[in-house]
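Below, each chain spelled out in residue letters.
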Amino acid sequence: MPERSDQDTYRAVDAFVLETLFAAPDPALEVALADTAGAGMPQIQVTPPQARLLAILCRAVNAHRILEFGTLGGYSTIVMARTLPADGLLTTLEFDPGHAAVAWRNIERAGLADMVDLRVGPALDSLPLLAAEGAGHFDFVFIDADKANTPAYFAWSLDRTRPGGLILADNVIRHGRIIDPDADPDAAAQRTFHEYLADEPRVTATTIQTVGAKGHDGFTLALVGE
Ligand code: SAH
Ligand code: DHB
Ligand code: MG
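Residues numbered from 1 in each chain as written. Chains lettered and ligands numbered in written order. Predicted model: local features only at pLDDT ≥ 70, side-chain atom pairs only at ≥ 80, totals over all residues. Heavy atoms only, no water.

Asks: Describe the site of ligand 1, and please don't skip the residues or the numbers.
Replies: Looking at ligand 1, there are 22 residues lining it, with Gly70, Glu94, His99, Ala123 and Asp144 nearest. At 2.8 Å from a nitrogen atom of ligand 1 is found a main-chain nitrogen or oxygen belonging to Gly70. In the environment of ligand 1, a nitrogen atom lies 2.9 Å from a nitrogen or oxygen atom belonging to the side chain of Ser76. In isolation ligand 1 exposes 590 Å². Once the protein is present, 90% of that is buried. Taking a 2 Å distance to the grid points as the criterion, the majority of the atoms of ligand 1 fall inside the largest pocket. Within the residue set of the shell around ligand 1, elements represented by two or more residues are α4 (75-81) and β2 (89-94). Tallied by class, residues from the shell around ligand 1 come to eleven nonpolar, six polar and five charged. (Near = heavy atom within 4 Å. Polar contact = N/O pair within 3.5 Å; in protein donor to acceptor, adjacent residues only side chain to side chain. Areas by Shrake-Rupley, 256 points an atom, 1.4 Å probe, with all protein chains shown as cover. 1 Å grid on protein atoms, 1.4 Å probe; cavity = no way out; pocket = protein on both sides within 12 Å on 5 of 7 lines; lining within 4 Å. Sits in = over half its atoms within 2 Å of the grid points. Helix = DSSP H or I, 4+ residues; strand = E, 2+ residues; numbered from the N terminus. Nonpolar A, V, L, I, M, F, W, Y, C, P; charged D, E, K, R; others polar.)

Written out as structure tokens, the structure reads:
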């Protein structure tokens, strides 16, 4: 048998899961991915199995209010917004106007324009506006934008997430770079993030390493307490 790299195996297992659990066609998501690629945007959206985990978690907390950092082409946005009830709202923050334009077309085509509030600009600039508008009582927060700001996004979100709500931060492991003390700023921020979480009594948090089509990475999931 020819030698197979670990990454080949991770990719093949993800392919098997796709062929089995994700066999049903999903035209809105397929066209969203095609347009994201066609626009020359990075292909760094969550994988379908990861997206379904987001949807399961949104459903599990009966999410009416969702906050997302990092829209890209709207793939994770669409998957999460689909779980919302008719009076639900997903607010998603995207720095890049080109990404936001592609995402908005995808969100409209998925029939979700009424459920999604897309704010263009650096997320740190959008947050004070959201606060002034009284945004909050989030049930689910997905942090997936510029990795160096994950701790800041988490701290802001924690103050505005209801008890029993969940906050998930993507890409905290990045091929193990989190354990390198001389890591690049993105990885160093994940170390800071963990040290901060260890001292934050309002959450119960864990970090799960993952492998798959996107390699070795992982996410932190935090349950907000009373
Ligand atoms: N959540 C998406 C992927 C997001 S990729 C999905 O899984 O489908 C990360 C996105 O964050 C990119 O589109 C990037 O432009 C955006 N981003 C980078 N810096 C940002 C910032 N400061 N504020 C908001 N978004 C930012
Ligand atoms: C990158 C960003 C992501 O959100 C991700 O899931 C993978 C990679 C990146 O910036 O390289
Ligand atoms: Mg990500």
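Asks: I'd like to hear about the site of ligand 2, residue by residue, with values.
Replies: Close to ligand 2 lie Ile44, Asp144, Lys147, Asp170, Asn171, Arg174 and Lys214. A distance of 3.2 Å separates an oxygen atom of ligand 2 from a polar backbone atom of Ile44. A distance of 2.8 Å separates an oxygen atom of ligand 2 from a polar atom in the side chain of Asn171. Look at ligand 2: alone it shows 300 Å² of surface, and the protein chains cover 71% of it. Comparing atom positions with the cavity grids shows ligand 2 to sit within the largest pocket. Grouping the amino acids of the shell around ligand 2 by side-chain chemistry returns one nonpolar, one polar and five charged.

Asks: Explain helix α6 (residues 123-132) residue by residue, including any values.
Replies: Along α6, the residues that are buried comprise Ala123, Ser126, Leu127 and Leu130. Viewed end-on, α6 has its buried residues packed into an arc of 110°, placing them on one side of the element. In α6, the exposed positions angled more than 90 degrees off the buried face are occupied by Asp125, Pro128, Leu129 and Ala132. The inward-facing, buried residues of α6 contact β1 (65-69), β2, β3 (116-120) and α7 (150-158). Directly after α6, the chain includes Gly134, whose backbone phi takes a positive value near 85°. (Buried < 20%, exposed > 50% of the residue type's maximum accessible area, 1.4 Å probe, protein only. Arc of directions from axis to C-beta. Contact = heavy atoms within 4.5 Å.)

Asks: Could you give an account of the coordination of the magnesium ion (ligand 3), naming the residues involved and the relevant values?
Replies: Tetrahedral coordination by four donors puts the ideal angle at the metal at 109.5 degrees, and octahedral coordination by six puts it at 90 or 180 degrees. Binding of the magnesium ion (ligand 3) to the protein goes through Asp144 (OD), Asp170 (OD) and Asn171 (OD1), at separations of 2.0 to 2.1 Å. When the donors of the magnesium ion (ligand 3) are listed by position in the chain, the intervening gaps give D-x25-D-N. Of this pair, Asp144 sits in the loop between β4 (138-143) and α7 while Asp170 sits in strand β5 (residues 161-170), and the two are 26 residues apart along the sequence. A single burial state applies to Asp144 and to Asp170, both of which are buried. (Donors = N, O, S within 2.8 Å, 3.2 Å for Na, K, Ca; no water.)

Asks: Would you mind going over the pairing of β1 in detail, with residue names and values included?
Replies: Successive side chains on a regular strand alternate, one facing one side of the sheet and the next facing the other. Burial analysis of β1 places four of its five residues in the buried class, the great majority of the element. Pairing between β1 and β2: five bridges, direction parallel. Each bridged residue has a counterpart across the sheet, and for Glu68 the counterpart in β2 is Thr92. A crossover connection joins β1 to the parallel β2 through α4; in handedness this β-α-β unit is right-handed. In the sheet, β1 pairs with β4 via four bridges, with the strands oriented parallel. (Pairing = 2+ DSSP bridges. Right-handed = clockwise from strand over helix to strand, strands pointing away.)

Asks: Can you lay out the nonpolar core for me, pointing to particular residues and giving the numbers?
Replies: Leu54, Ile66, Met80, Leu112, Phe140, Phe142 and Leu168 are the most contacted members of the largest nonpolar core, which totals 28 residues. Counting only elements with at least two residues in this core, the list comes to α2 (27-38), α3 (48-60), α4, α5 (97-109), β4 and β5. Residues contacting Met80, with those up to four places away along its chain left out, are Leu54, Cys58, Ile66, Glu68, Leu90, Phe140 and Phe142. The next biggest cluster of nonpolar side chains, apart from the first, holds 23 residues, and it includes Tyr153, Ile178, Phe193 and Val203. (Core = buried A, V, L, I, M, F, W, Y, C linked by side-chain atoms within 4.5 Å.)

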